[in-house]
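Observations on the model geometry
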Amino acid sequence: MTTDKVSAKVEEYAFGGLVAAIGVFTLVDATTIVARDDNAVGPRAFPYAVGVLLIVTGVAAIIATARGKLGQAEEGEDVDADVRTDWITVGKLVAVLVAHLVLIDLAGWPVAATVLFFGAAWTLGAVWWRALPIAVVLALVVQVVFASGLGLSLPAGILEGVPFLDG
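Residues numbered from 1 in each chain as written. Predicted model: local features only at pLDDT ≥ 70, side-chain atom pairs only at ≥ 80, totals over all residues. Heavy atoms only, no water.

Some points on the confidence of the model for the protein chain
With 89% of its residues at a pLDDT of 70 or more, the protein chain shows a mean pLDDT of 87. Considering each helix and strand of the protein chain separately, the mean pLDDT is smallest for helix H1 (residues 3–30), with a value of 89, and largest for helix H4 (residues 109–123), with 96. (pLDDT = per-residue confidence, 0-100. Helix = DSSP H or I, 4+ residues; strand = E, 2+ residues; numbered from the N terminus.)

Right, dumping it as structure tokens:
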């Protein structure tokens, strides 16, 4: 077996193991969710289903690797290997994500999500005057869907008290 094949097998085993480990973590973490009524399908059902599916997928990937079925290597025909990573763009995206995480508690979900959606779009080249209203609408739609449709309350922050934004 060549070094490339051994390396590919190790990577496939690691991937399967990581997916299965995330599934186990999801199942264990789901047990900490407090449910009001144990008779109905509650908030634990979805994490349990996801955890089981992750474990099954991870084990299936490990079994497939053991049987010699490796994923095909990426051709990379649309990737220019000579282009260097744009660390400034990566830094901007990380800054936008950190700002989002900080703003959720300070200003609420709608403002934080607007900053996240707008900042990411603008950093990746969108025209700011198009990206900003789309970001506002997207953040408000997510807030309304969670509050009205699912009955879950995302922090409204400075928009607290607006009827359609409260869960």
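Some points on the packing of H4 against helix H5 (residues 128–149)
At their nearest, the axes of H4 and H5 sit 8 Å apart, and the two run at 145° to each other. Crossing of H4 over H5 shows right-handed handedness. Here H4 contributes Trp-109, Pro-110, Ala-113, Thr-114, Phe-117, Phe-118, Ala-121 and Trp-122 to the contact with H5, which in turn contributes Trp-128, Ala-131, Leu-132, Ala-135, Val-136, Leu-138, Ala-139, Leu-140, Val-142 and Gln-143. By residue class, the composition of the contact of H4 with H5 is 16 nonpolar, two polar and no charged. (Axes fitted to C-alpha atoms, helices over the stretch in contact; angles between N-to-C directions. Left-handed = near helix turned anticlockwise from the far one by under 90°. Contact = heavy atoms within 4.5 Å. Nonpolar A, V, L, I, M, F, W, Y, C, P; charged D, E, K, R; others polar.)

Remarks on H4
In an α-helix, one turn spans 3.6 residues, which is why side chains three or four residues apart end up on the same side. Along its 15 residues, H4 runs 20 Å from first to last C-alpha, staying within 8% of the 21 Å computed at 1.5 Å per residue. Considered for burial, the residues of H4 that qualify are Trp-109, Pro-110, Ala-112, Ala-113, Thr-114, Phe-118, Gly-119 and Thr-123. Buried positions along H4 lie against helix H3 (87–107) and H5. (Expected span 1.5 Å × (residues − 1). Buried < 20%, exposed > 50% of the residue type's maximum accessible area, 1.4 Å probe, protein only.)

Remarks on H5
The end-to-end C-alpha distance of H5, which contains 22 residues, comes to 30 Å, matching closely the 32 Å that a straight helix rising 1.5 Å per residue would cover. Among all positions in H5, only Ala-131, Ala-135, Ala-139, Gln-143 and Ala-147 are buried. Taken down its axis, H5 places every buried residue within 120° of arc, on the same side. Turned more than 90 degrees away from the buried face of H5 sit Trp-129, Arg-130, Ile-134, Val-137, Ser-148 and Gly-149, all of them exposed. Here the buried face of H5 lies against H4. Gly-151 occupies a position one or two residues after H5 and carries a positive phi of about 70°. (Arc of directions from axis to C-beta.)

A look at the packing of H3 against H4
Closest axis-to-axis distance for the H3/H4 pair is 7 Å, and the angle between their directions is 170°. When the axes of H3 and H4 are compared, the pair comes out roughly antiparallel. Where H3 approaches H4, its residues Thr-89, Lys-92, Leu-93, Val-96, Leu-97, Ala-99, His-100, Leu-103, Ile-104 and Ala-107 are matched on the opposing element by Trp-109, Val-111, Ala-112, Ala-113, Val-115, Leu-116, Gly-119, Ala-120 and Thr-123. (Parallel < 35°, antiparallel > 145°, perpendicular 65-115°, else oblique.)

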